[in-house]
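Listed below, chain by chain, are the residues.
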Amino acid sequence: MDIKVTLNPNPKAKPTDSSALGFGKIFTDHMFRWSWNSEEGWHDPRIVPFERLSIHPASTVLHYGSEIFEGLKAYRRADGKVQLFRPIENIRRMNNSAERLCLPQMPEEDFMQALIEFVRLEQDWTPSDKGTSLYLRPFMFGDDESLGVHAVHNAEFIIIASPVGSYYKEGLNPVKIMIEDQDVRAVRGGTGYAKCGGNYAASNRAGERAEQQGYSQVLWLDGVERKYIEEVGAMNVMFKINGEIVTPKLTGSILPGITRKSCIELLQSEGIEVSERLLSVDELAQAMTDGTLEEAWGCGTAAVISPIGELSQHLYDTVTGIQWGEIEDKFGWTVEV
Ligand code: PLP
Ligand code: COI
């Protein structure tokens with residue numbers, strides 16, 4: 001694929017204080033764009049100066065929520081090079097999300113090329129302080145200029161990038177999570193396993209209520225029985241109960257997290273079994289009461305691994321060690337840019 005590059009004639013000054021980065025507030029000088037329509041397919045891949053988008057007021061995304069996204073990071077290694085962590089997993093998950101929302105899928109190798117060429121161009125924006133990275137946000141939206149409800153004939157795929165520090169204001173300290181018993185995020189057969197904007201829009205009310213009560217995010221229960229633990233707003237969850245490591249199994253309403261998958265594979269490579277099974281809130285409450293809940297942590301690209309207990313500290317050290325290139329990547333998960 002031939003990606004046309006138009007350089008930004010007015011590049012911005014890069015942030016100097018990485019402790020003030022926060023999450024997703026500053027954007028780099030360029031973005032990748034790729035257009036699709038049902039006649040031509042994917043066409044016109046280009047890197048252009050970062051700018052506002054202009055879309056038609058009847059554009060599908062504004063009315064019917066045809067939008068999907070991904071989140072992955074570029075990490076600065078000690079040798080100065082920049083690497084991506086398991087980008088092929090994000091590519092495949094985005095194509096699965098596209099399939100669910102009737103948006104067009106992308107050839108894996110073209111998507112990978114776009115990521116690599118874009119990050120290569122923006123790599124100087126990758127901060128180098130501990131815990132910082134360049135967050136990449138690929139997203140796609142349906143852009144038909146008509147109000148009929150149907151699978152779209154026009155779509156736009158864009159990648160933007162943002163230098164980031166920690167996602168939670170707590171940094172790497174334990175976060176407070178509230179179990180949500182009113183709203184549900186997703187149901188089986190719905191869009192829970194897809195990374196689409198609508199899932200997050202539907203979760204905001206509970207998130208707001210949780211924040212008002214001093215919690216960072218909510219822990220979702222399954223939408224049918226409202227009994228089984230699913231995941232947190234931006235993380236999958238894992239628990240150590242009486243020596244068993246448990247994570248909710250992927251029933252269709254949970255996002256199949258890449259950090260979750262990496263934690264499971266890392267633990268298994270160390271001979272530690274992970275049970276992917278249904279876990280009821282009652283079982284968790286019981287374990288809390290009788291003291292058998294040894295640890296609880298969330299894992300996600302933005303959130304990394306939090307909070308930190310003995311095992312999650314070990315996972316945090318190993319996962320981030322591989323991501324930032326400090327620990328040898330025996331799994332072949334990283335891609336140098
Ligand atoms: N669950 C939800 C709802 C998320 O938004 C995320 C973040 O992407 C995750 C889980 C964790 O997924 P990953 O590890 O692929 O970032
Ligand atoms: C990520 O971890 O990449 C996410 O997408 C979380 C996000 C909703 C902020």
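About the thresholds
- Residues numbered from 1 in each chain as written.
- Chains lettered and ligands numbered in written order.
- Predicted model: local features only at pLDDT ≥ 70, side-chain atom pairs only at ≥ 80, totals over all residues.
- Heavy atoms only, no water.
- Helix = DSSP H or I, 4+ residues; strand = E, 2+ residues; numbered from the N terminus.
- Rg over C-alpha atoms; globule rule 2.2 N^0.38 Å.
- Buried < 20%, exposed > 50% of the residue type's maximum accessible area, 1.4 Å probe, protein only.
- Domains from an automatic or database assignment.
- Contact = heavy atoms within 4.5 Å.
- Buried area = accessible area lost by both parts, 1.4 Å probe.
- Salt bridge = Lys/Arg side-chain N within 4 Å of Asp/Glu carboxyl O.
- Nonpolar A, V, L, I, M, F, W, Y, C, P; charged D, E, K, R; others polar.
- Near = heavy atom within 4 Å.
- Polar contact = N/O pair within 3.5 Å; in protein donor to acceptor, adjacent residues only side chain to side chain.
- Areas by Shrake-Rupley, 256 points an atom, 1.4 Å probe, with all protein chains shown as cover.
- Phe/Tyr/Trp six-rings, centres within 6.5 Å; stacked < 30°, edge-to-face > 60°.
- Lys NZ or Arg CZ within 6 Å of the ring centre and 35° of its normal.

Caption draft 1: Up close: the overall build of the chain. Across its full length, the chain holds seven helices and 17 strands. Relative to its length of 337 residues, the chain is compact, with a C-alpha radius of gyration of 20 Å against a globular reference of 20 Å. Projecting the C-alpha coordinates of the chain onto the three principal axes gives extents of approximately 60 × 50 × 35 Å. Buried residues in the chain amount to 52% of all 337 residues.

Caption draft 2: Representation of the domain arrangement of the chain. Here the chain is described as being made up of domain 1 (4-164) and domain 2 (177-328). When each unit is reduced to the centre of its C-alpha atoms, the spacing between domain 1 and domain 2 is 26 Å. Contact residues are listed per partner, giving 28 residues for domain 1 and 24 residues for domain 2. Together, the buried faces of domain 1 and domain 2 total about 2200 Å²; carbon and sulfur atoms form 56% of this surface. The largest per-residue losses of area from domain 1 upon contact with domain 2 belong to Phe85, Arg93 and Arg100, which jointly make up 28% of the total buried on that side. Here domain 1 and domain 2 share two salt bridges between them. For arginine 86, the salt bridge is made with glutamate 265, and the minimal N-O distance between the two is 3.0 Å. Where the side of domain 1 that touches domain 2 is concerned, the elements lending two or more residues are strand E4 (67-69), strand E5 (72-76), strand E6 (82-85), helix H2 (87-101) and strand E7 (133-142). Among the elements that make up the side of domain 1 that touches domain 2, the one with the highest residue count is H2 (eight residues). Along the lines of polarity and charge, the residues of the side of domain 1 that touches domain 2 split into nine nonpolar, eight polar and 11 charged.

Caption draft 3: Just unusual backbone geometry, in detail. Positive phi values are uncommon outside glycine, yet arginine 226 reaches one of about 50 degrees. Assignment of secondary structure puts arginine 226 in the loop between strand E10 (217-221) and strand E11 (229-232). By relative accessible area, arginine 226 is classed as partly exposed at 41%.

Caption draft 4: Structural detail: the site of ligand 2. Near ligand 2 you find Phe23, Phe69, Gly71, Tyr135, Arg137, Tyr167, Lys195, Tyr200, Ala234, Thr301 and Ala302, and these make up its full shell. Contact between ligand 2 and tyrosine 135: an oxygen atom at 2.6 Å from a side-chain N or O atom of the residue. The contact in question runs from an oxygen atom of ligand 2 to an N or O atom on the side chain of lysine 195, over 2.8 Å. Calculation on ligand 2 without its partners gives an accessible area of 280 Å², and the protein chains cover 90% of this total. By residue class, the composition of the shell around ligand 2 is seven nonpolar, two polar and two charged. Shared between two domains, the shell around ligand 2 takes at least three residues from each, and those domains are domain 1 (4-164) and domain 2 (177-328).

Caption draft 5: The pattern of salt bridges, seen in detail. Counting across every chain of the model gives 20 salt bridges. Here arginine 77 and glutamate 336 are joined by a salt bridge, their closest N and O atoms 3.2 Å apart. With a gap of 259 residues between them, arginine 77 in the loop between E5 and E6 and glutamate 336 in strand E17 (residues 334-336) connect regions that are remote in the sequence. For arginine 77, a relative accessible area of 15% puts it in the buried group. The salt bridge partner of aspartate 183 is arginine 205, with a shortest N-O separation of 2.7 Å. Pair noted here: aspartate 183 is in the loop between strand E9 (177-179) and helix H4 (197-212) and arginine 205 is in helix H4, with a separation of 22 residues, a long-range link. Judged by its relative accessible area of 54%, arginine 205 is exposed. A single network of salt bridges, built from pairs that share partners, joins Arg33, Asp44, Arg46 and Glu156.

Caption draft 6: Looking closely at the packing of aromatic side chains. In this structure the tally under the stated criterion is 13 aromatic pairs. Centroid distance tyrosine 75 to tryptophan 324: 4.7 Å. Interplanar angle 75 degrees. Geometry classified as edge-to-face. Of the two residues, tyrosine 75 is situated in strand E5 and tryptophan 324 in the loop between helix H7 (310-323) and E17; the sequence distance between them amounts to 249 residues. In this pair, the class of tyrosine 75 matches that of tryptophan 324, namely buried. With a centroid separation of 6.3 Å and an interplanar angle of 20 degrees, the aromatic rings of phenylalanine 139 and phenylalanine 141 are classed as stacked. The pair formed by phenylalanine 139 and phenylalanine 141 is uniform in burial state, with each residue classed as buried. Members of the aromatic cluster, each reached through a chain of ring pairs, are Phe32, Trp34, Trp42, Phe111 and Phe157. One cation-aromatic arrangement involves lysine 12 over phenylalanine 50; the distance from NZ or CZ to the ring centre is 5.8 Å.

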